[in-house]
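Here are the chains, one letter per residue:
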Amino acid sequence: MSESDIEVLLVGTFGGGGIHHYIENLMIHLPDGVSTTTYDMRSEPNGDGIRWLVTSIVASLVAAVRFPVRRRPDLVHVHSSYAFSFYRAAFYVFVADALWSRPIAFHVHGSSFDTFLETDSRLVRRLQSTVFERCDRIIVLSDYWRRELEPRAEEEKLVVVPNAVDPDRFDPEYDHDPTRLTFVSSLIPRKGVRELIDAVDRLAAAESSDFELSIAGSGPLRESVEALAARYEHVTYHGFVSEREKCRLLSTGDVFVLPSHAEGLPIAMLEGMAGGDAIVSTTVGSIPEVIDDDSGMLVEPGDPEALANAISSLAGDDVRVGQMGRRNRTLVRDRYAWSTVAERIARVYREIAPRTEARTGSERPSAESAPQRRPE
């Protein structure tokens, strides 16, 4: 690390999951001039039962107690989802602000953060506002999420930086006959798995099944997906797949289907676009800001009939699907590649980091070194 580098502490959870993978990719792609270390707030791997709960709570408390005594960085970048994740992240914000007097970037993840903001609890609303007051920048995934946070946060602190993928990991193929549909995600109700199953049943009953469907993932609805694959020859369930196999499925597909009930800006959808797929998804979160009529089709969440109609409309229309897939591939390379997004994160760091000569002290960045304007 050179003396002019900005030393950033990335605070998140490293037990697997979206925040873990986001931080790992961010560290790989940040440009020269930014050095990073990480701090694990501790989130034990998914489990259940009293023993797992107690173990998770104790691990989180130990991590919190140890945090204030570590060496101070130049800047703290805290990653948070909603509910308990937010309450835990709040502690790290308060320490970085009150004890370290370091600038803070707060990164909002989580599909249901909008619902979390609508809480009836005055105490929770006050905590939300206080956390945002202590931060120098609040990173959100899209204009939708900026609008959601504006009632709680100062407008000039909000900066839009979308999720990102590495398009070079995908090698798209186009124009298959029959049309290849792909669903790669967790097999949970929020991802619209039940609606997908219902839509496939409807299309089969209408003898409209001019497509092949590949499903990959794991979760509580696995048995329902296995039963779907057993009913129809044109449906294949691959189980939980490796990263390499996921990239292959998306690259050899034509249409990526994600009928979610709630999303931030789904990385799975961006990966489908990187794989050259048209998109069938829902009008939730940031999705309508990315997908238009030239990229795919959107339906209301929880509507299997509309989902079946969208699938039927695209299946077999090779020209239209191919045009959508090629456009999506280009869109990801231009706007949602890690090389682009990591530079935007670095720009946020440079705006709020203390000047080089002040880094050994305890002063926060001055108005001159951290201008209060909305970043581009």
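Residues numbered from 1 in each chain as written. Predicted model: local features only at pLDDT ≥ 70, side-chain atom pairs only at ≥ 80, totals over all residues. Heavy atoms only, no water.

Here we take up the packing of aromatic side chains. What the rule picks out here adds up to 15 aromatic pairs. Plain terms: the ring middles of Phe67 and Tyr92 are 4.7 Å apart, the flat faces sit at 70 degrees to each other, and that makes the pair edge-to-face. Of the two residues, Phe67 is situated in the loop between α2 (49-66) and β3 (75-80) and Tyr92 in helix α3 (residues 84-98); the sequence distance between them amounts to 25 residues. Like Tyr92, Phe67 is buried. Summarising the aromatic geometry, the rings of Phe67 and Trp100 are spaced 4.7 Å apart at their centres and angled 40 degrees between planes, so their arrangement reads as tilted. Of this pair, Phe67 sits in the loop between α2 and β3 while Trp100 sits in the loop between α3 and β4 (104-108), placing them 33 residues apart in sequence. With respect to burial, Phe67 and Trp100 carry one shared label: buried. Within the aromatic cluster, the residues linked to one another by ring pairs are Phe86, Tyr87, Phe106, Phe113, Phe116 and Phe132. Taking the ring centre of Tyr174 as reference, the NZ or CZ of Arg326 above it sits at 4.2 Å. (Phe/Tyr/Trp six-rings, centres within 6.5 Å; stacked < 30°, edge-to-face > 60°. Helix = DSSP H or I, 4+ residues; strand = E, 2+ residues; numbered from the N terminus. Buried < 20%, exposed > 50% of the residue type's maximum accessible area, 1.4 Å probe, protein only. Lys NZ or Arg CZ within 6 Å of the ring centre and 35° of its normal.)

For the rest of this paragraph, the subject is unusual backbone geometry. In this structure, the amide linkage connecting Asp177 to the following residue, Pro178, adopts the cis form with an omega of 5 degrees. Within the secondary structure, Pro178 is located in the loop between β6 (158-160) and β7 (179-184). A positive phi angle is found at Ala83, which is not glycine, with a value near 55 degrees. By the element assignment, Ala83 lies in the loop between β3 and α3.

Here the focus is the sheet that holds strand β10 (residues 255-258). Overall, parallel pairing links the six strands, which are arranged β9-β8-β7-β10-β11-β12 in an open sheet. Each having just a single partner strand, β9 (235-237) and β12 (296-299) make up the two edges of the open sheet. Direction aside, the axes of adjacent strands within the sheet are offset by 20 degrees on average. Looking at chain direction, strand β11 (residues 278-282) and β12 are connected through four bridges and run parallel. Opposite Ile279, over in β12, you have Gly296 as the bridge partner. Across the sheet, helix α9 (residues 243-251) lies against β7, β8 (211-216) and β10, angled at about 145 degrees from β7, the strand it touches most. Of the strands in this sheet, β7, β10, β11 and β12 are in contact with helix α13 (residues 318-335), which crosses β11 at around 85 degrees. (Pairing = 2+ DSSP bridges. Axes fitted to C-alpha atoms, helices over the stretch in contact; angles between N-to-C directions. Contact = heavy atoms within 4.5 Å.)

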